[in-house]
Amino acid sequence: MIEARNFAETNSLDKIMPNASVLVKDGKIIGAAANGSDYHEKNICQRVVLKSPTGQDYELCEGCHPKNHSEGKLMRLAETEGIDTNDTDVYLWGHWWCCEPCWNEMLKANIGNVYLLENSEILFNKNHPDNIVGRQFA
Ligand SMILES: [Zn+2]
Ligand SMILES: [Zn+2]
């Protein structure tokens, strides 16, 4: 989980909700991916325009699209590199749930377990008063 945090800090292109997913087999890290794209740097977020609620309308914005989520990126990386994902574990740092497209990609890859950081539903929840959104790496 610490590796996932560090990977997010170093590699995520998402300024607000940086996160990363690490693939683990027999206690060894065999893959990692961070979320985000540079789309929001040059373009306005369509989900902000539409006032989309958290977790919805990802497919309507090029920058928020599930293809930029770390879990889905990790699954496609594993596929590209020929990494066997059967019964491996995913450690997701920086978020407190997975969207349906990412979840489906992980099911397809036969991931054994998905681990989130303890209290992530508080720490990474924009709607929770005790969240750390905006100072995740402080
Ligand atoms: Zn967006
Ligand atoms: Zn997702």
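Residues numbered from 1 in each chain as written. Chains lettered and ligands numbered in written order. Predicted model: local features only at pLDDT ≥ 70, side-chain atom pairs only at ≥ 80, totals over all residues. Heavy atoms only, no water.

*Asks:* Would you mind going over the coordination of the zinc ion (ligand 2) in detail, with residue names and values included?
*Replies:* Protein ligation of the zinc ion (ligand 2) involves His69 (ND1), Cys99 (SG) and Cys102 (SG), the donor distances falling in the range 2.0 to 2.3 Å. Expressed as a motif, the donor residue spacing for the zinc ion (ligand 2) is H-x29-C-x2-C. With His69 in the loop between α3 (46-49) and α4 (70-81) and Cys102 in helix α5 (residues 100-108), the pair connects residues that are 33 residues apart, well separated along the chain. You can call His69 buried: its relative accessible area is 14%. (Donors = N, O, S within 2.8 Å, 3.2 Å for Na, K, Ca; no water. Helix = DSSP H or I, 4+ residues; strand = E, 2+ residues; numbered from the N terminus. Buried < 20%, exposed > 50% of the residue type's maximum accessible area, 1.4 Å probe, protein only.)

*Asks:* Got a sec to walk through the pairing of strand β4 (residues 113-116)? Specific residues and values, please.
*Replies:* As paired elements, strand β3 (residues 89-93) and β4 share four bridges and run parallel to each other. Bridge assignment links Leu92 to a residue of β4, and that residue is Leu116. In this region the chain leaves β3, passes through α5 and returns to the parallel neighbour β4; the handedness of that crossover is right-handed. (Pairing = 2+ DSSP bridges. Right-handed = clockwise from strand over helix to strand, strands pointing away.)

*Asks:* Kindly report on a nonpolar patch on the surface, identifying the contributing residues and their values.
*Replies:* On the surface, Ile44, Val49, Leu50 and Leu60 cluster together to form a nonpolar patch covering roughly 400 Å² of accessible area. Relative to the assigned elements, Ile44 resides in the loop between α2 (39-42) and α3. (Patch = residues over 30% accessible without salt bridge, like charges linked within 9 Å, V, L, I, M, F, W, Y side chains within 5 Å. Areas by Shrake-Rupley, 256 points an atom, 1.4 Å probe, with all protein chains shown as cover. Salt bridge = Lys/Arg side-chain N within 4 Å of Asp/Glu carboxyl O.)

*Asks:* Run through the packing of aromatic side chains, naming residues and quoting values.
*Replies:* What describes a pair of aromatic rings is the distance from one ring centre to the other and the angle between the planes of the rings. Under the criterion given, the structure shown has four aromatic pairs. Their ring planes at 70 degrees and their centres at 5.1 Å tell us that Trp93 and Phe124 sit as a pair that is edge-to-face. With a gap of 31 residues between them, Trp93 in strand β3 and Phe124 in the segment after α6 (120-123) connect regions that are remote in the sequence. Phe124 matches Trp93 in its accessibility class, with the two residues each being buried. (Phe/Tyr/Trp six-rings, centres within 6.5 Å; stacked < 30°, edge-to-face > 60°.)

*Asks:* Would you mind going over the pattern of salt bridges in detail, with residue names and values included?
*Replies:* Overall, the coordinates contain five salt bridges when judged by the stated rule. A salt bridge links Lys42 to Asp38, with the shortest nitrogen-to-oxygen separation between them at 3.6 Å.

*Asks:* How would you sum up the nonpolar core? Please name residues and give values.
*Replies:* The biggest cluster of nonpolar side chains holds twelve residues, and these are Leu23, Ala33, Leu74, Met75, Ala78, Ile83, Val90, Leu92, Cys98, Met106, Ala109 and Ile111. Elements with a minimum of two residues in this core: α4 and β3. Discounting residues that sit within four places of it in the chain, Leu74 has contacts with Ser21, Val22, Leu23, Gly31, Ala32, Ala33 and Val90. Membership of the second largest hydrophobic core comes to ten residues, among which are Ala8, Val24, Ala34 and Ile132. (Core = buried A, V, L, I, M, F, W, Y, C linked by side-chain atoms within 4.5 Å. Contact = heavy atoms within 4.5 Å.)

*Asks:* Tell me what's going on with the layout of surface pockets, and back it up with residues and numbers.
*Replies:* Roughly 710 Å³ of volume is contained in the largest pocket. Along its surface, the largest pocket is lined by 33 residues, and Asp14, Met17, Arg47, Cys64 and Lys126 are the ones closest to its centre. For the lining of the largest pocket, the elements supplying multiple residues, two or more each, are α2, α3 and α4. Class assignment of the residues belonging to the lining of the largest pocket gives a composition of twelve nonpolar, 15 polar and six charged. (1 Å grid on protein atoms, 1.4 Å probe; cavity = no way out; pocket = protein on both sides within 12 Å on 5 of 7 lines; lining within 4 Å. Points joined across faces, edges and corners; volume = space filled by probe spheres on them. Nonpolar A, V, L, I, M, F, W, Y, C, P; charged D, E, K, R; others polar.)

*Asks:* Lay out the environment of Asn11 in plain terms, naming residues and giving numbers.
*Replies:* Looking at the secondary structure, you find Asn11 in helix α1 (residues 2-11). For the pair Asn11 and Cys98, spaced 87 residues apart in sequence, the C-alpha to C-alpha distance is 19 Å.

*Asks:* Quick rundown of the coordination of the zinc ion (ligand 1)? Include the residues and the values.
*Replies:* Octahedral metal centres with six donors ideally show angles of 90 or 180 degrees, and tetrahedral centres with four donors ideally show 109.5 degrees. Only His40 (NE2), Cys45 (SG), Cys61 (SG) and Cys64 (SG) from the protein coordinate the zinc ion (ligand 1), and they sit 2.2 to 2.3 Å from it. Coordination geometry of the zinc ion (ligand 1): the four donor atoms subtend angles of 105 to 116 degrees at the metal centre, consistent with an arrangement described as tetrahedral. Of note, the donors binding the zinc ion (ligand 1) are all from one chain and are spaced H-x4-C-x15-C-x2-C. Placement of the pair is His40 in helix α2 and Cys61 in the loop between α3 and α4, with a sequence separation of 21 residues. Of the residues examined, Cys61 reaches a relative accessible area of 0% and is grouped as buried. (Tetrahedral: all angles 85-135°; square planar, octahedral: opposite > 155°, others 65-115°.)

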